[in-house]
Amino acid sequence: MTRTGTPRGVDPERATLDKAAAENFPVAPFFLPRAWRDDLMAVYGYARLVDDIGDGDLAPGGADARLLGVAPERADDRTALLDAVEADLHRVFDDVPRHPLLRGLQPTVRRHALTPEPFLGLIAANRQDQIVSRYETYDDLLAYCALSANPVGRLVLAVTGTASPERIRRSDAVCTALQIVEHLQDVAEDLGRDRVYLPAADMKRFHVREADLAAPHAGASVRALIAFQAQRARDLLEEGEPLVAGVHGKLKLLLAGFVAGGRAALGAIAAAEYDVLTGPPKPGKVRLLREVGMTLRGEG
């Protein structure tokens, strides 16, 4: 059977959730309690849908647009789709959502008394991506990360029942660091989308032009700029690491994995001598496991 209004063989809900396997960090690892895994996958499905709309990466055929009630002629209009997701998000809190991913999110929202704010932040970040493609200062980039990344960590804490002001502050540092790391890995890909997440003020400081980012290999100036941004990410991970020490059990292992994943990715960038233009430097499993062990022992 196919969903009403969905082309035969296309399941937009499954197509979105299946992307979890390709993420930099495990979305809902096997060692977590089943209830946590289900809730984290529900949150992931929503976040992935919003990001795919913002990036223009929805499955072909317009199934998601139909599910959201967007007219066929506007199926490629990212702003219209983001508006429709926001309307459907509000239904999560007071009605019956249209999209199956948001219907799947509704039990999680009710079970944990989640608020709309972090979900709205992710929509705001993707709206910003439609009109802002360059960031002048590091503070401007941090403000963007507060919308695009930090809500995810806050939702993890809320779902696991461990949120507190101090943990939220540490989580924000980790999430911003991970966002910066992803930007460093994806400099070439982002430029292909006409987006640059390296602050313009820092590019000027290191004498880097956008044309330098389009080269097949990074020159000395680009490498120096990437190394500088990588150190900022390391400092943020160090600021957030006490989050791991402050929790216990399987949650501790999950959060250690996030911190270690960031450190391992930074290690891979350093091992590539900060030449991120040849392709995203990715850490191997051995490096990642070593970083997890060090993070759990507080040796970061």
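Note that the structure is a prediction, hence the values are computed from the model and not measured.

Asks: I'd like a rundown of the overall build of the chain, residues and numbers included.
Replies: Along the backbone of the chain there are 16 helices and zero strands. Taking 300 residues into account, the globule formula puts the C-alpha radius of gyration at 19 Å, and the chain, at 19 Å, falls close to it. With respect to the principal axes defined by its C-alpha atoms, the chain has extents near 55 × 45 × 35 Å. Here the chain holds 300 residues, and 49% of them are scored as buried. Of all intrachain contacts in the chain linking residues separated by at least 6 positions in sequence, the fraction that spans at least 24 positions is 68%. Total accessible area on the chain is roughly 14,000 Å²; 55% of this is exposed by carbon and sulfur atoms. Side-chain charges in the chain split into 37 positive and 42 negative, and the spacing between the mean points of these groups amounts to 5 Å.

Asks: For the packing of helix α9 (residues 165–185) against helix α15 (residues 249–271), give the residues involved together with the corresponding values.
Replies: When two helices pack together, you describe them by how their axes are tilted relative to each other and by the distance separating the axes. Packing of α9 against α15 brings their axes to within 10 Å, and their N-to-C directions diverge by 30°. When the interaxial angle is binned, α9 and α15 end up roughly parallel. Helix-helix and strand crossings are classified by hand; for α9 and α15 the assignment is left-handed. Residues V174, L178, V181, L184 and Q185 of α9 form the contact with α15, whose participating residues are F258, V259, G262, A265, L266 and I269.

Asks: Outline the environment of N126, listing residues and values.
Replies: Examined against the element boundaries, N126 turns out to sit in helix α6 (residues 117–131). Spatially, the C-alpha atoms of N126 and A65 are 16 Å apart, while their sequence positions differ by 61 residues. Apart from residues lying up to four places away in sequence, N126 is in contact with V50, D51, G54 and L82.

Asks: Kindly report on the side chain of S171, identifying the contributing residues and their values.
Replies: Mapped onto the elements, S171 comes out in helix α9. According to the relative accessible area criterion, S171 is buried, its value standing at 4%. Look past the residues within four positions of S171 in its chain and what remains in contact with it is G153, R154, L157 and L243.

Asks: Break down the pattern of salt bridges for me, citing the residues and quoting the values.
Replies: Taken as a whole, this structure holds 22 salt bridges when the rule is applied. As a salt-bridge pair, D55 and R195 come within 2.8 Å of each other at their nearest N and O atoms. Of this pair, D55 sits in helix α2 (residues 34–55) while R195 is found in the loop between α10 (187–192) and α11 (200–205), placing the two residues 140 residues apart along the sequence. Judged by relative accessible area, D55 falls into the buried class, the value being 17%. For R91, the salt bridge identified is with D88, shortest N-O distance 2.7 Å. In this pair, R91 and D88 both sit in helix α4 (residues 78–94), three residues apart, roughly one turn of the helix. Taken together, the salt bridges that share partners define one network made up of E166, R169, R170 and E239.

Asks: Requested: an account of helix α8 (residues 150–159), with residues and values cited.
Replies: Counting buried positions along α8 gives seven out of 10 residues, so the element sits mostly inside the fold. All of the buried residues in α8 are N150, P151, G153, L155, V156, L157 and V159. The first or second residue beyond α8 is G161, which carries a positive phi of 65°.

Asks: Which residues make up the packing of aromatic side chains, and what are the values?
Replies: For the coordinates displayed, the defined rule picks out seven aromatic pairs. Aromatic side chains F30 and F31 sit 5.7 Å apart centroid to centroid with 80° between the ring planes, which places their arrangement in the edge-to-face category. Each ring, one from Y144 and one from Y197, has its centre 5.6 Å from the other, and the planes form 25°; the classification is stacked. With Y144 in helix α7 (residues 138–148) and Y197 in the loop between α10 and α11, the pair connects residues that are 53 residues apart, well separated along the chain. Here Y144 matches Y197 in class, with each residue buried. One aromatic cluster in this structure is built from Y46, F93 and F119. When the ring centre of F228 is taken as origin, the NZ or CZ atom of R205, which lies over that ring, is 4.6 Å away. The cationic tip of R232 hangs over the ring face of Y138; the distance from NZ or CZ to the ring centre is 3.8 Å.

What counts and what doesn't
Residues numbered from 1 in each chain as written. Predicted model: local features only at pLDDT ≥ 70, side-chain atom pairs only at ≥ 80, totals over all residues. Heavy atoms only, no water. Helix = DSSP H or I, 4+ residues; strand = E, 2+ residues; numbered from the N terminus. Rg over C-alpha atoms; globule rule 2.2 N^0.38 Å. Buried < 20%, exposed > 50% of the residue type's maximum accessible area, 1.4 Å probe, protein only. Contact = heavy atoms within 4.5 Å. Areas by Shrake-Rupley, 256 points an atom, 1.4 Å probe, with all protein chains shown as cover. Lys, Arg positive; Asp, Glu negative; His and termini not counted. Charge placed at Lys NZ, Arg CZ, Asp CG, Glu CD. Axes fitted to C-alpha atoms, helices over the stretch in contact; angles between N-to-C directions. Parallel < 35°, antiparallel > 145°, perpendicular 65-115°, else oblique. Left-handed = near helix turned anticlockwise from the far one by under 90°. Salt bridge = Lys/Arg side-chain N within 4 Å of Asp/Glu carboxyl O. Phe/Tyr/Trp six-rings, centres within 6.5 Å; stacked < 30°, edge-to-face > 60°. Lys NZ or Arg CZ within 6 Å of the ring centre and 35° of its normal.

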